[in-house]
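The lines below spell out each chain.
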Amino acid sequence: MAAAAAAWWGRLLRGARGAASRRACSTGARARAASAAAQELQSSGRGRFVLEHGAPFSAFLMDSFGRQHNYLRISLTEKCNLRCQYCMPEEGVQLTPKSELLTAEEIITLARLFVKEGVEKIRLTGGEPLIRPDVVDIVGQLYKLEGLKTIAVTTNGINLTRLLPRLKEAGLNAINISLDTLVPAKFEFIVRRKGFHKVMEGIHKATELGYHPVKVNCVVMRGFNEDEVLDFVDFTKDLPLDVRFIEYMPFDGNKWNFKKMVSYKEMLDTIKQRWPELEKLPCETSSTAKSYKVPHFQGQISFITSMSEHFCGSCNRLRITADGNLKVCLFGNSEVSLRDHLRSGASEEELIQIIGAAVGRKKKHHAEPALMSFPLCQDALQNPPNSKQWGHTFSHWLTLKASLPKQKGKASMKNKLTGQLFLPRSHPEKQWHIATGILQTQLRGYCVFQKDPSSTFDTKCLDASVGQVPVNHQSKEVCSGSEFHTRDSGSCTKVLRGSDNLTHTDEEGRATMVNVGGKSDSKRTAVAGAVVLLGEKAFRMVRQNQVKKGDVLAVAQIAGIQGAKLTSQLIPLCHNIPLYHVEVSLSLDEARHAVVIRSSCHTWGRTGVEMEALTAASLAALTVYDMCKAVTHDIVIQELKLFSKTGGQRGDFSRV
């Protein structure tokens, strides 16, 4: 089975590959790049940090937050001999040409450079690293590097029994093996191949050869293997294993199944019911695992909380992809092609300067794997907006026609009703930190903001009042009863007649939040939807899951769910509502080459959830656009609308 984390991570790396990192550098360009990198490094806070603290660690591998990167992961190949359902389609994925992959000599050259600068641990990953023919030779060459303390491999275990004696002799001293189930039939189902007994043989072979502990990576999925958590713990009773339970948000086909996530706290509670004497173990500062042990068991267990609690603050990892790109953060889009510089004859000093500058640009934290690095907002999360960039939040296209000129670095806005200029209620950086604070305690999703202060937003919603004025300047006529009719659509919508006044403005036309204190609690639901017309090419790539940024439907679904939960942060006058259920589904419409989005929100409270449902549909649609725009910009988002709502003083609404 493809290493539960590594194979999937490898897929993300392939998807994030950019064309810029593929260009070969001329000698002049290389020199300029190295020079610019050197200047950037010298001017960064990182250089000052080293001077002030007298740190012996290489300045080139220390970022501006003082994190020392002594752990390097090198992908040896994009290929894998399994087809795990949560990792790649059954037919596989498009691979990089062999000529563009790093050779063994290039891998050793780069590894030697990193070790010289302070890297103490190298992990070989994939794809599946053990299908590379020269893997034993590579391990042997790495073992000769003075200063390298640990050579590790993450493998699916299929070839381990056959290769491990030679790998151990060559110098391999740490192993991670993927195993998501102890039931052979389940194994074959999820990896679409046979091989369970080979993996088990590999685990036992590793223990026999003295690997203590042998780390076993288990991705836990509700409805699939969460019932085996106790069995995996018991697996550590007589073997020196470290079973690592990895939080994951799996998807079925091309759709996220939000209900399948199992948090580490839930797993921990289950385990403590069986073994209340479970002990917490100390861990290193840079460790990504929370470790525990049942007394008298030979092995231990750990939790990789990649979904619920990130570990960016202590990150000490750098990654080199199979085609030679340096990634300082797995979930960022930023890459530097060391392969291109290497092949164009860059000197060791030039390479060090380029690596150092890349490390210096590493952000404090990322957009979280739970969202698979939501492409929609990676830039936002990795480049927090300053006052001049902020403009104003996405929500104002629903309520304002704003001109956002720069005035002393702050965004001023014009009230459509009063003509008065006013500033946002809170400073943009403060809004940013509030938003990121929320993201850090939930499954992170997105942050949408307008970077161009000179742009304007539409005002169509301000012109709308049901049964009274035209919407979108299209002719509408009042139907019988409580319906209105749109000539261009030919449909009637059953609603209670709206108020004669806008509820979110006071008598002077200034924006105000509705006071719901006098309302009674009731069950409230809302269903909304949107359609994204992709065109034939983009639609085909989405259907076949071949978009380089990742799984479009999966990411868009989580973006929509997060959008619903953060609606009050995006729409200024919305109340913060405790949602007890959010569901976002995406389906493919072959006839229209479209993605059809449907969202629903449920709560028990004093105000409705229409905006939450609409925000969910909007963010899902925008995410689809963002992930497909590299294929084509001829994408149309349409039919964003509320289908139904229940609860509240104005009664139910249903679009016929």
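Residues numbered from 1 in each chain as written. Predicted model: local features only at pLDDT ≥ 70, side-chain atom pairs only at ≥ 80, totals over all residues. Heavy atoms only, no water.

## A short note on the overall build of the protein chain
Step number 1: Secondary structure summary: the protein chain contains 20 helices and 26 strands in total.
Step number 2: When burial is assessed residue by residue, the protein chain has 53% of its 656 residues classed as buried.
Step number 3: Sequence separation of 24 or more characterises 72% of the internal contacts of the protein chain that already satisfy a separation of 6 or more. (Helix = DSSP H or I, 4+ residues; strand = E, 2+ residues; numbered from the N terminus. Buried < 20%, exposed > 50% of the residue type's maximum accessible area, 1.4 Å probe, protein only. Contact = heavy atoms within 4.5 Å.)

## Some points on the pairing of strand E6 (residues 241-247)
Step number 1: Taking burial as the measure, the 7 residues of E6 include 7 buried ones, the bulk of the element.
Step number 2: Side chains Leu241, Val243, Phe245 and Glu247 project from E6 onto one buried face, and the interleaved Asp242, Arg244 and Ile246 project onto a second face that is buried too.
Step number 3: Bridge analysis of strand E5 (residues 214-220) against E6 gives 7 bridges, and the strand direction is parallel. Looking at the pairing, valine 214 lines up with leucine 241 of E6.
Step number 4: In this fold, the crossover linking E5 to E6 by way of helix H9 (residues 229-235) has right-handed handedness. (Pairing = 2+ DSSP bridges. Right-handed = clockwise from strand over helix to strand, strands pointing away.)

## Here's the deal with the packing of aromatic side chains
Step number 1: Taken as a whole, this structure holds 6 aromatic pairs when the rule is applied.
Step number 2: Their ring planes at 75° and their centres at 5.9 Å tell us that tryptophan 275 and phenylalanine 297 sit as a pair that is edge-to-face. Of this pair, tryptophan 275 sits in the loop between helix H10 (264-274) and strand E9 (279-280) while phenylalanine 297 sits in the loop between strand E10 (289-293) and strand E11 (300-304); the two residues are 22 residues apart in sequence, bridging distant segments of the chain. Accessibility classification places tryptophan 275 together with phenylalanine 297 in one group, the buried group. (Phe/Tyr/Trp six-rings, centres within 6.5 Å; stacked < 30°, edge-to-face > 60°.)

## A closer look at the pairing of strand E2 (residues 121-125)
Step number 1: Most of E2 sits inside the fold, with 4 of its 5 residues counted as buried.
Step number 2: The sheet contact formed by strand E1 (residues 71-75) and E2 spans 5 bridges and is parallel. The residue bridging arginine 73 from the neighbouring strand is arginine 123, located in E2.
Step number 3: Taken together, the 4 bridges between E2 and strand E3 (residues 150-155) define a ladder with parallel strand orientation.

## Points about the packing of helix H6 (residues 160-170) against helix H8 (residues 196-208)
Step number 1: One way to put it is that H6 packs onto H8 with a least axis distance of 8 Å and a crossing angle of 25°. As far as their axial angle goes, H8 and H6 are roughly parallel. Counting all contacts with H6, which are made through Leu160, Thr161, Leu164 and Pro165, the residues of H8 involved are Lys198, Glu201, Gly202, Lys205 and Ala206.
Step number 2: Looking at side-chain class alone, the contact of H6 with H8 contains 4 nonpolar, 2 polar and 3 charged residues. (Axes fitted to C-alpha atoms, helices over the stretch in contact; angles between N-to-C directions. Parallel < 35°, antiparallel > 145°, perpendicular 65-115°, else oblique. Nonpolar A, V, L, I, M, F, W, Y, C, P; charged D, E, K, R; others polar.)

## Section: the confidence of the model for the protein chain
Step number 1: Summary statistics for the protein chain give a mean pLDDT of 74 and a share of 67% for residues scoring 70 or more.
Step number 2: Low pLDDT (under 50) marks residues 1-27, which in the prediction has 91 contacts with non-local residues, meaning those over four places away or in another chain.
Step number 3: In the predicted structure, residues 250-255 sits below a pLDDT of 50 and forms 22 contacts with residues beyond four places in sequence or in another chain. (pLDDT = per-residue confidence, 0-100.)

## Things to note about unusual backbone geometry
Step number 1: Here glycine 126 and glycine 127 are connected by a cis peptide whose omega angle stands at 5°.
Step number 2: By the secondary structure assignment, glycine 127 is in the loop between E2 and helix H5 (135-143).
Step number 3: Note that the residue after histidine 212, namely proline 213, is joined by a cis bond; omega there is -5°.
Step number 4: Among the secondary structure elements, proline 213 is positioned in the loop between H8 and E5.
Step number 5: Positive phi values are uncommon outside glycine, yet histidine 296 reaches one of about 80°.
Step number 6: Looking at the element boundaries, histidine 296 is found in the loop between E10 and E11.
Step number 7: The backbone of asparagine 545 shows a phi angle near 55°, a positive value even though the residue is not glycine.
Step number 8: Positionally, asparagine 545 belongs in the loop between helix H17 (536-543) and helix H18 (552-565).
Step number 9: Asparagine 545 gets classed as buried once you look at its relative accessible area, which sits at 14%.

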